[in-house]
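What the coordinates show
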Amino acid sequence: MTLEESGLLRPLVQLHGPGSGVFESITGEEMPEPYRGLLVHGGDMTSRLEGFHGGAISLQVLQCRREGASYAREVVLRRVSDGGAVEYGAIEIELDAFSEELRGRILEGRVPLGGLLNASGVLYHSEPQAFFRVFPGEFLSEQLGAERGEALYGRCNVLRHDDGVLIARIVEVLPRG
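These lines cover the structure that appears in this document, whether it is placed above or below.

What counts as what
- Residues numbered from 1 in each chain as written.
- Predicted model: local features only at pLDDT ≥ 70, side-chain atom pairs only at ≥ 80, totals over all residues.
- Heavy atoms only, no water.
- Salt bridge = Lys/Arg side-chain N within 4 Å of Asp/Glu carboxyl O.
- Helix = DSSP H or I, 4+ residues; strand = E, 2+ residues; numbered from the N terminus.
- Buried < 20%, exposed > 50% of the residue type's maximum accessible area, 1.4 Å probe, protein only.

**Remarks on the pattern of salt bridges**
Going through the model one piece at a time under the given rule, you end up with nine salt bridges. For the salt bridge of Arg176 with Glu150, the shortest nitrogen-to-oxygen distance reads 2.9 Å. Highlighted residues: Arg176 in the segment after strand E7 (166-174) and Glu150 in the loop between helix H7 (138-144) and strand E6 (152-161), separated in sequence by 26 residues. The buried category is assigned to Glu150, whose relative accessible area is 16%. Salt-bridge contacts for Glu172 lead to Arg155; the nearest nitrogen and oxygen are separated by 2.6 Å. Here the residue Glu172 occupies a position in strand E7, and Arg155 occupies one in strand E6, the gap between them amounting to 17 residues. The exposure class of Glu172 is buried, given its relative accessible area of 4%. Several salt bridges converge on common partners, so that one network encompasses Arg10, Glu92, Glu94 and Arg169.

Written out as C-alpha cells, the structure is:
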C-alpha cells in the first residue's frame, strides 16, 4: 500500500490537493542524516528544529480551514534569524482536545503548535506513522527552496495527549539539509 492509499498524507491532500510530489515510503534506518536525527524520534519537532537551527522558529500560515472542531492548516516554519524555511507542514488539529484559551492561541496562527504545547505545559507525545522520501512538485519545491526533482525527506506523524486523546495529524517535510 502506498502512502497515498494509506490515508497518512490526508492533511496534505486535503489542503493542497494531489500532485504535491512523488512520495516513497522508507524506514527510519534508511533516512540519511541530518534528517534522521530531526525526524526519527517520538519527541517534539519544534524544539528539535530550534536546536538544530540555533534559534527561534516562526510560523507562516499559507492557508487554513475549519470545520467544527477540526482545524487544518498548511504552514512553513521559518528561522526567525533569516526567514529561511526549516519545515513545511500540513496539519489537522482536533480543537476539542484543548482548553478554550489554547484553542484561541492555535487559531491565531502565530506560534507553531509544538511551541504552544511546550509553553503551556501540555503533556503529549509524538507517534511517527511513516517516514518518506519525496520528490517535490512545483509547490513544495518553491516553499522549501528545493530544486524540482531533488529528494527531500519527511514523516507522517500523530500527536496525542498522554492519556491517548488525539491532538493532531501532521505531514512534515524538511528542506535540503
